[in-house]
Amino acid sequence: MELIEKSAFAVNEQGYYGSFGGAYIPEMLYPNAEELKENYLKIIYDPKFQEEFHTLLRDYVGRPTPLYLASRLSEKYNAQIYLKREDLCHTGAHKVNNTIGQILVAKRLGKKRIVAETGAGQHGVATATVCALMGMECIVYMGEIDIQRQAPNVARMKMLGAEVRAATCGSKTLKDATNEAMRHWINNPVDTHYIIGSVVGFHPFPDMVARFQSVISEEIKKQLLEKIGRENPDYVIACVGGGSNAAGAFYHYLDESDVKLVAAEAAGQGVNSGHSAATTFLGKPGILHGSRTILMQTEDGQVTEPYSISAGLDYPGIGPIHAHLFETNRAIFAAITDQEALQAGLELSRMEGIIPALESSHALAYLKYMKNTGNEVIVVNLSGRGDKDLATYSRELGL
Ligand SMILES: *Cc1c(COP(=O)(O)O)cnc(C)c1O
């Protein structure tokens, strides 16, 4: 994990990416935020930390994940298409890269307990997993409605020893769970660490999460060099909910202007359908979870309820790093509908024998919009596996 401090796309001292980011937090959170901000870089670039982190990534998570040349897909889309197989990580997605990193930070800060929020339960499971691994107490806040909707992940968290607490206020979903988790952290600043699940929230969370996920592009560079004799592809494509798998896949390419970066957002039933999560198409700058970013909101600044068929992309904002990539035109943002994602998921299953997470299917669906000449090298970040989405695929595709 290398430091890239000089990049125009790296966070600055104040926690900003261009005009996005920062830490817009209640005074009660200052001590926690300060403690983390003062220590996180010292901790994660300590050689002992790096050794422990990379040993766990190798022996527990199963890294490096393969970079797979998808031959049949390549032929169909007239390009060399490589899949970065984050679906093969332990727990079935990239999220564990971050939870491993953060629990090691928590240990070094002397914390005894982990608190987290979860929507669909994927981040809750990744957090409960590393808490079990480290023998740490784990409390996961989850909206009451999500607890009902996501029963298998609730069962997984309980099996792993986590306590799942229902958020019963407001819409009883992710944002209410986030509020409860924050409140818990404010009330227990000394012994608790809050593990956030994406490149969102206040500084230094987005930067810390991006650094942990940057192992993805670190590996892509090495693997491409071995396979094609150069580190840089022509395109890297990833889906964006909060944006952690995309941040990881883009990270070491941010300053390589010959590499085009594509961020696939969830258009839901259509960008203008009123049921969408295409943040850059529908959003405006504002403050969400302590960070200035682009978010979907009403005229008077109320956060709009997002919608996507894939739970991981069902978020009204994007991380501040992505707001900056959008504003500077460094990344191409695409809006992919539910139907396009479902079809792309079916296509990968039938053509390559790989069932992708519905989130990852949004990235795959971008391929049909490309006009390739046969020489392009394209890396699609396959953020997770589709087992959790089988019921949805079956119902929607009439299988
Ligand atoms: C959670 C999740 C996402 C979305 O989160 P990001 O922070 O945007 O990466 C994407 N894919 C999978 C498989 C997920 O579990």
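Residues numbered from 1 in each chain as written. Predicted model: local features only at pLDDT ≥ 70, side-chain atom pairs only at ≥ 80, totals over all residues. Heavy atoms only, no water.

Taking an unreviewed UniProt entry as the reference, the chain is identified by name as Tryptophan synthase beta chain belonging to Xanthocytophaga agilis. Taken verbatim from the UniProt record of the chain, the Subunit (unreviewed entry) comment is "Tetramer of two alpha and two beta chains." Regarding the chain, the UniProt comment filed under Catalytic activity (unreviewed entry) reads as follows: "(1S,2R)-1-C-(indol-3-yl)glycerol 3-phosphate + L-serine = D-glyceraldehyde 3-phosphate + L-tryptophan + H2O". (UniProt positions renumbered as here; feature names shortened; annotations may be inferred.)

Below, the discussion takes up the overall build of the chain. Each helix and strand counted, the chain has 16 helices and 14 strands in total. Computed over C-alpha atoms, the radius of gyration of the chain comes to 19 Å, within 12% of the 21 Å expected from 2.2 N^0.38 for 399 residues, which places it in the range of a compact globule. Projected onto the principal axes, the alpha-carbon positions of the chain cover approximately 55 × 45 × 40 Å. Taken across its 399 residues, the chain has 60% of its residues classed as buried. By sequence separation, contacts in the chain at least 24 residues apart represent 73% of the contacts at least 6 residues apart. Total accessible area computed for the chain in this model is approximately 15700 Å², and 51% of it derives from carbon and sulfur atoms. Both charge centroids of the chain, one from 38 positive and one from 46 negative side chains, sit 3 Å from each other. (Helix = DSSP H or I, 4+ residues; strand = E, 2+ residues; numbered from the N terminus. Rg over C-alpha atoms; globule rule 2.2 N^0.38 Å. Buried < 20%, exposed > 50% of the residue type's maximum accessible area, 1.4 Å probe, protein only. Contact = heavy atoms within 4.5 Å. Areas by Shrake-Rupley, 256 points an atom, 1.4 Å probe, with all protein chains shown as cover. Lys, Arg positive; Asp, Glu negative; His and termini not counted. Charge placed at Lys NZ, Arg CZ, Asp CG, Glu CD.)

Under the defined criterion, the tally for this structure stands at ten aromatic pairs. Both rings, one in Tyr 366 and one in Tyr 369, keep their centres 6.5 Å apart while their planes meet at 45°; by these two values the pair is tilted. A relative accessible area of 13% means that Tyr 366 is categorised as buried. In this structure Tyr 369 comes out as partly exposed when scored by relative accessible area, which is 43%. One aromatic cluster in this structure is built from Trp 185, Tyr 194, Phe 202 and Phe 205. Sitting over the ring of Tyr 235, Lys 260 keeps its end group 5.1 Å from the ring centre. (Phe/Tyr/Trp six-rings, centres within 6.5 Å; stacked < 30°, edge-to-face > 60°. Lys NZ or Arg CZ within 6 Å of the ring centre and 35° of its normal.)

For the rest of this paragraph, the subject is the UniProt feature "modified residue: N6-(pyridoxal phosphate)lysine" (unreviewed entry) in the chain. UniProt marks Lys 95 with the feature "modified residue: N6-(pyridoxal phosphate)lysine" (unreviewed entry), using the numbering shown here. Inspection of the secondary structure assignment puts Lys 95 in helix α4 (residues 95-108). In this structure, Lys 95 is in contact with Gln 122, His 123, Ala 126, Gly 197 and Gln 213, ignoring residues within four places of it in sequence.

Moving on to the site of the ligand. Taken together, 17 residues form the shell around the ligand, and within it Lys 95, Ser 198, Gly 243, Ser 244 and Ser 383 come nearest. Contacts to the ligand include Ser 198, whose side-chain N or O atom sits 2.6 Å from an oxygen atom. Note that an oxygen atom of the ligand is positioned 3.2 Å from one of the backbone N or O atoms of Gly 242. If the ligand stood free it would expose 380 Å²; the protein chains cover 97% of that surface. In terms of residue class, the shell around the ligand is built from four nonpolar, eleven polar and two charged. (Near = heavy atom within 4 Å. Polar contact = N/O pair within 3.5 Å; in protein donor to acceptor, adjacent residues only side chain to side chain. Nonpolar A, V, L, I, M, F, W, Y, C, P; charged D, E, K, R; others polar.)

Strand order in the open sheet formed by four strands is β7-β6-β5-β8, with parallel pairing between adjacent strands. Whereas interior strands pair on both sides, the edge strands pair on one side only; in this sheet they are β7 (163-167) and β8 (192-194). Pairwise comparison of adjacent strand axes, ignoring direction, gives a mean angle of 25° for this sheet. (Pairing = 2+ DSSP bridges. Axes fitted to C-alpha atoms, helices over the stretch in contact; angles between N-to-C directions.)

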